[in-house]
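Examination of the molecular architecture
So the chains spell out like this:
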Amino acid sequence: MSKKKMYMAGEWKDSASQECFETKDPSTGAILAQVPRGKAEDIDRAVAAARTCFESEEWQQFHPAERGRIMHKIAAALREDLEAIALLETRDTGKPLAQGRKDVEAAAQYFEYYAGMADKIFGETIPVQPGILDYTVREPIGVTAHIVPWNYPLQIIARSAAAAIATGNTVVAKPAEDTPLTALRLAEIIDQTELPKGVFNVVTGYGFEAGAALCEHPDIDHITFTGSVQTGSAVMAAAAKNVKPVTLELGGKSPNILFEDCDQAEALDWVMRSIIQNAGQTCSAGSRLLIHRSIKEEFLKKLSERLSAVRLGKGEDDFDLGPVLNEKQYERIESFMETARGEGAKFLCGGKREEREELSGGYFFQPTIIEGLSPKSYVAQEEIFAPVVAAFAFETEEEAIRLANGTDYGLVAGVWTSDGARAHRVASKIRAGQVFINNYGAGGGVQMPFGGYKKSGFGREKGLEALRNYTVLKNVALKY
Ligand code: NAD
């Protein structure tokens with residue numbers, strides 16, 4: 001078992017307190033590494049490193065195209081070591097190795113995508129009046145804080161850090177305490193490049209210590225937070241004290257809406273994938289299935305057969321479905337199942353832990369379909385973060401839209417129909433940041449802006465839209 005260090009100002013450090021915590025493999029419970037338990041003092045050091053670097057002549061004068069070239073090298077380094085990094089991510093999160101590989105590839109794509117933008121951030125000239133030259137410039141916002149959840153650790157750090165670095169900021173990242181290893185591996189890769197030391201810093205630690213200290217820090221300029229609604233709300237309150245802008249990427253209870261004229265065979269594949277990907281621990285998981293009454297029975301029968309045949313196994317063995325993160329998550333899921341049973345819901349498949357002897361080291365939860373819940377019930381409204389889908393029937397388009405919009409979340413929705421006009425009509429009425437028509441994606445490609453309506457958060461990550469988070473607009477007026 002290795003002992004890790006944090007990365008700040010280009011140096012590898014223990015925590016100031018010398019304390020550590022363990023990170024475990026969710027498939028087996030095996031301890032993978034000892035990781036420094038960063039606290040406020042360590043956050044101070046990392047923020048100071050990022051600030052010093054941000055204000056340095058070296059970084060201020062760094063050619064934007066050169067930032068881009070280095071970011072391409074980071075993408076290439078991630079791909080060169082893809083197998084090993086994917087395995088590290090798989091061990092730390094429990095996800096199937098195929099998903100681990102996709103995550104590393106996605107991280108490489110973020111660096112590549114934003115590398116191309118590094119020298120294409122510019123303002124406008126604005127006609128004001130004769131004798132005045134008025135123009136805008138987009139400047140980097142400064143020291144950016146990035147707080148990341150445990151479900152897609154490397155992808156999500158890459159998503160926001162790449163956009164921040166491309167636009168000339170410096171970064172302090174705080175990975176989730178359960179999955180800190182790939183953030184540290186990314187730091188190793190960045191350390192080998194020509195980026196000035198202090199551009200990228202990682203503090204490992206618990207949310208209530210390192211995370212809270214980072215959000216409260218007066219010397220950061222922006223917070224990108226990805227995680228739960230509850231923590232997001234606390235992060236926003238901390239940021240408000242220092243009047244710092246936040247981008248919040250929170251949870252979801254995203255629906256797939258199946259009309260009677262959809263291609264059911266195609267929909268079946270996507271609906272299934274949308275709930276078993278990453279064991280349902282995906283903010284944009286398709287955790288609600290809204291289905292026209294005339295096709296409901298037949299579709300649910302097929303879905304149930306397919307989900308019952310899903311192969312569960314350890315992340316490294318690369319079956320379809322890995323374990324959920326830990327005992328706490330498992331207990332949370334169990335409590336949702338009990339509530340659903342108490343409400344008289346019917347389980348078409350799953351609903352319990354996979355008990356096979358060889359999987360006893362991890363928390364493997366069977367793919368589950370729940371039917372018969374009231375759409376207003378707790379289980380129908382709240383994010384479970386498990387391979388559990390709740391099905392509801394509708395009769396009319398209006399009812400489908402009402403159900404789709406009937407939770408506090410609004411992250412993603414899938415619309416399944418062969419009627420093009422209906423597809424666009426429904427898409428226009430859905431209150432969600434992304435609508436997929438006859439397909440479905442966990443956020444889609446790196447080019448697609450991603451973010452929430454309502455309690456799913458605000459601000460947009462990914463795509464060119466994310467660059468707004470990390471730049472601030474200045475207007476300059478010159479009289480001649
Ligand atoms: P979480 O809110 O418990 O933790 C997220 C991060 O916040 C972790 O790094 C944690 O250490 C840190 N944290 C905890 N308390 C903090 C505090 N007081 N101040 C600052 N930081 C603190 O979420 P989680 O359980 O890691 O992740 C699951 C949640 O994340 C789900 O709700 C999921 O939907 C959401 N999520 C959203 C997206 C998205 O892009 N919209 C992507 C992935 C996950």
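Calculation rules
Residues numbered from 1 in each chain as written. Predicted model: local features only at pLDDT ≥ 70, side-chain atom pairs only at ≥ 80, totals over all residues. Heavy atoms only, no water. UniProt positions renumbered as here; feature names shortened; annotations may be inferred. Pairing = 2+ DSSP bridges. Helix = DSSP H or I, 4+ residues; strand = E, 2+ residues; numbered from the N terminus. Axes fitted to C-alpha atoms, helices over the stretch in contact; angles between N-to-C directions. Contact = heavy atoms within 4.5 Å. Buried < 20%, exposed > 50% of the residue type's maximum accessible area, 1.4 Å probe, protein only. Right-handed = clockwise from strand over helix to strand, strands pointing away. Phe/Tyr/Trp six-rings, centres within 6.5 Å; stacked < 30°, edge-to-face > 60°. Lys NZ or Arg CZ within 6 Å of the ring centre and 35° of its normal.

If you look the protein chain up in an unreviewed UniProt entry, it shows as Aldehyde dehydrogenase from Planococcus maitriensis. What UniProt records for the protein chain under Sequence similarities (unreviewed entry) is the sentence "Belongs to the aldehyde dehydrogenase family."

Attention shifts here to the sheet that holds strand β19 (residues 434-437). The seven strands are arranged β15-β16-β17-β14-β13-β18-β19 in an open sheet whose pairing can be described as mixed. The two strands at the open ends of the sheet, each matched to only one other strand, are β15 (346-349) and β19. Across the sheet, the axes of successive neighbouring strands diverge by a mean angle of 25°, strand direction being ignored. Relative to strand β17 (residues 388-394), strand β14 (residues 288-292) runs parallel, the two sharing five bridges. Residue pairing in the sheet places I291 in a bridge with A393 of β17. The sheet contacts of helix α11 (residues 293-308) involve β13 (255-258), β14, β15, β16 (368-371) and β17, and relative to β14 the element is tilted by about 140°. Contacting β13, β18 (412-416) and β19, helix α15 (residues 420-429) crosses the sheet at an angle of about 165° to β19.

The next point concerns the pairing of β13. Because side chains alternate across β13, one face comprises the buried residues P255 and I257, and the other comprises N256 and L258, equally buried. Of the pairings in the sheet, the one linking β13 to β14 comprises four bridges and is parallel in character. The residue of β14 that forms the bridge with P255 is R288. Of the crossover connections in this fold, the one passing from β13 over helix α10 (residues 264-276) to the parallel β14 is right-handed.

Taken together, the three strands give an open sheet; going across it, the order is β1-β5-β4, and neighbouring strands pair in mixed fashion. The open sheet has two free edges, formed respectively by β1 (2-3) and β4 (20-24), since each of these has just one partner strand. Bridging between β4 and strand β5 (residues 31-36) involves five bridges; their strand directions are antiparallel. Looking across to β5, one finds that T23 is bridged to A33.

Take the UniProt feature "active site" (unreviewed entry) in the protein chain next. In the numbering used here, UniProt assigns the feature "active site" (unreviewed entry) to E249. Structurally, E249 can be placed in strand β12 (residues 246-249). Residue class for E249 comes out buried when judged on its relative accessible area of 2%. Residues in contact with E249, not counting those within four places in the same chain, are R159, F225, T226, G227, F450, G451, G452, S456, G459, R460 and E461.

With that out of the way, let us pick up the packing of aromatic side chains. Counted by the stated rule, this structure contains 12 aromatic pairs. Note on Y113 and Y114: the rings are 5.1 Å apart at their centroids and 80° apart in plane angle, and the pair reads as edge-to-face. The class of Y113 is partly exposed, set by a relative accessible area of 22%. Residues W270 and W416 carry aromatic rings whose centres are separated by 6.4 Å and whose planes lie at 50° to one another, so their mutual orientation is tilted. Here the residue W270 occupies a position in helix α10, and W416 occupies one in strand β18, the gap between them amounting to 146 residues. Among the aromatic side chains, those forming a connected cluster through ring pairs are F21, Y206 and F208. Its guanidinium or amino end placed over the ring of W59, R67 lies 5.9 Å from that ring's centre, counting from NZ or CZ. Cation over ring: K462 sits above F450, and NZ or CZ is 5.4 Å from the ring centre.

Take unusual backbone geometry next. A positive phi angle, close to 50°, is found at V243, a residue other than glycine. If you trace the backbone, V243 turns up in the loop between α9 (229-241) and β12. V243 sits in the exposed class, given a relative accessible area of 71%. The residue F385 is not glycine, and still its phi comes out positive at about 65°.

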